[in-house]
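# A look at the structure
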Amino acid sequence: MLAGVRATAAEGTTFTVHNPATGEVVAVVAEAGQEDVDRAVAAARRAQDAWALCGPSDRGAVLARLADLIEAEAEALALLETTDNGLPVAETRGMAAGAAAILRYYAGAADKLLGQTMPNDAGGLLLTLREPLGVAALITAWNAPLVLAALKAAPALVAGNAVLIKPSELAPRTTLRFAELAHAAGVPAGCLSVLTGGGAVGAALVRHPDVAKVSFTGSTSTGIAIAREAAATLKRVTLELGGKSAAVVFEDADLERIGEVAPGAAFGMAGQDCCARSRLLVQRSVYDEVLERYVARTNRLIVGDPLDPATDIGPLISAAHRDRVDACVREGVAEGAIVLTGGAPPAHLDGSAGWYAPTVLDGVHPGMRVAREELFGPVVSVLPFTDEDEAVRLANATPYGLSGSIWTRDVGRAVRVSRRIRSGVLAVNSNTSVYLQAPFGGTKLSGLGREYGLAALEENTELKTLFLAGTA
Ligand code: NAD
């Protein structure tokens, strides 16, 4: 899509998008090729200079208008996202509202890209400027396409860059609509284009010498491939990757509340959430009680039609992905894990779609795949611990370091443990560690760089140092 207009691919190729709940084809979309990538990058380069030179408040006003347009169309966008990726409307409605909030936040940041002045012995003015990078390629995952488009495009655009968005081939339609609304809001032609297609389109963007930055959200393996490729042209890279985050429950925590809310952090988005608390670490003295409450609440979650507002868990993105999740669970069981609930597709739902019952596994050992790897499905592995040291050791015993929760009423313990867990974000007595105003990102194999907050502006600008002599 160039200049807000949907176009066919130069080579005329297309691909189909399927509704994960019904299997039906919901769209036939252009599959971009090298020629389309080259044209979009060239258009972005041509448009970027003028966009960077217009006043910051003008750029901010465009983003604020886009926020209004998204809000006005929130219900339609939520339904579009649900039929693309199978997430319940209760969740996609929240995401549409979240996308508008992101745009509004960065609209207000347009004139807050501050530089510094430095004292110097040369008798002149020494200062820094934050300048746009140029053209940014934004490559996104299927689990939250609209939010990810807003989250990556807003700080890039407001800082004066042009952007090319490559949504996942599994769920591209809300990104296409986002681009149409962006142009209606006043983003100039060329400054925001969408290139649809598979990994090859993303790879072509990463290779392109005129792309200055890649912001990627997706799996760790793809992120590593992108970092390797981007190194050849020294592109700036932001990588938001996978996770295997833990909810750590101490004996002094509010166990009743944990039973009620903690499953939501594991099974929201059917576990297809980078921040999912897919491990539950529980102090031995309260292990049985916590498990009993946790499983009871899990059993009340409604698995079913994602278009029904009462549904908590829709189908996974595909039956093939569900089968991968199921195979990992079976492998864990073969190694000694015990299924406390779930562990199979729900009997009342069509097995040809990707439904999977929320699953709690006991008897898990830290070395098992279900304890270490991201399954990206509704599966929680529970492990006991004795003391703080063991809790920290287990929490850190994965290659990832994205998010997590610590549940305790002891402030000293909360401080000690949160400082020792290696993750980009963390919450105490809460499921939520992603806030619009605060930096978000991963350590270890969970990523590189930060999004959200003012940190995202820094990731979308280059720092220039300028010296003005005191004599002409
Ligand atoms: P994926 O890596 O398969 O694909 C992500 C995107 O990259 C898609 O648009 C895909 O077409 C593209 N792509 C694939 N190969 C490429 C290549 N070689 N070069 C350039 N682009 C390429 O990931 P997915 O299955 O879409 O998403 C699930 C993953 O995303 C999970 O691991 C999840 O944890 C992660 N995720 C992370 C965050 C975060 O903020 N940390 C948020 C959401 C999802």
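Fair warning: this is a prediction, and the values are worked out from it, not measured in the lab.

## So, the side chain of serine 446
On the secondary structure map, serine 446 appears in the loop between β18 (443–444) and β19 (447–448). A polar atom in the side chain of serine 446 sits 3.4 Å from the backbone nitrogen of leucine 402. Those residues within four positions of serine 446 in sequence are excluded, and the remaining contacts are Leu239, Glu240, Leu241, Gly242, Gly243, Tyr400, Gly401 and Leu402.

## Describing the site of the ligand
With respect to spatial proximity, 27 residues lie near the ligand, and among them Lys166, Glu169, Ser219, Leu241 and Glu374 are the closest. The contact in question runs from a nitrogen atom of the ligand to an N or O atom on the backbone of leucine 241, over 2.8 Å. Burial of the ligand by the surrounding chains reaches 84%, relative to a free accessible area of 860 Å². Residue assignment for the shell around the ligand shows that the elements contributing at least two residues are α7 (199–207), β8 (213–217) and α8 (220–231). Per-element tally for the shell around the ligand: the top contributor is α7, with three residues. The residue makeup of the shell around the ligand, split by class, is twelve nonpolar, eleven polar and four charged.

## Regarding the nonpolar core
Ranked by size, the top nonpolar core spans 83 residues in total, and within it Ile70, Ile102, Leu103, Val163, Ile165, Phe178 and Leu192 carry the most contacts. The biggest single contributor to this core is helix α5 (residues 145–158), with eleven residues. Beyond its immediate sequence surroundings of up to four residues, leucine 192 is in contact with Ala153, Leu157, Val163, Ile165, Phe178, Ala179, Ala182, His183 and Val187. Core analysis: the second largest hydrophobic core is formed by 54 residues, Ala262, Tyr287, Tyr356 and Val360 among them.

## So, the packing of aromatic side chains
Scanning all chains against the criterion turns up five aromatic pairs. Between tryptophan 142 and phenylalanine 376, the ring centres sit 5.6 Å apart and the planes meet at 80°, which makes this aromatic pair edge-to-face. Of the two residues, tryptophan 142 sits in the loop between β5 (135–139) and α5 while phenylalanine 376 sits in the loop between α12 (369–372) and β14 (379–385), which places them 234 residues apart along the sequence. Each member of the pair tryptophan 142 and phenylalanine 376 is classed as buried. Their ring planes at 70° and their centres at 5.1 Å tell us that phenylalanine 250 and phenylalanine 385 sit as a pair that is edge-to-face. Residue phenylalanine 250 is located in the loop between β10 (246–249) and α9 (255–267), and its partner phenylalanine 385 is located in strand β14; the two are separated by 135 residues in the primary sequence. Here the two residues phenylalanine 250 and phenylalanine 385 agree in accessibility, since each one is buried.

Thresholds applied
- Residues numbered from 1 in each chain as written.
- Predicted model: local features only at pLDDT ≥ 70, side-chain atom pairs only at ≥ 80, totals over all residues.
- Heavy atoms only, no water.
- Helix = DSSP H or I, 4+ residues; strand = E, 2+ residues; numbered from the N terminus.
- Polar contact = N/O pair within 3.5 Å; in protein donor to acceptor, adjacent residues only side chain to side chain.
- Contact = heavy atoms within 4.5 Å.
- Near = heavy atom within 4 Å.
- Areas by Shrake-Rupley, 256 points an atom, 1.4 Å probe, with all protein chains shown as cover.
- Nonpolar A, V, L, I, M, F, W, Y, C, P; charged D, E, K, R; others polar.
- Core = buried A, V, L, I, M, F, W, Y, C linked by side-chain atoms within 4.5 Å.
- Buried < 20%, exposed > 50% of the residue type's maximum accessible area, 1.4 Å probe, protein only.
- Phe/Tyr/Trp six-rings, centres within 6.5 Å; stacked < 30°, edge-to-face > 60°.

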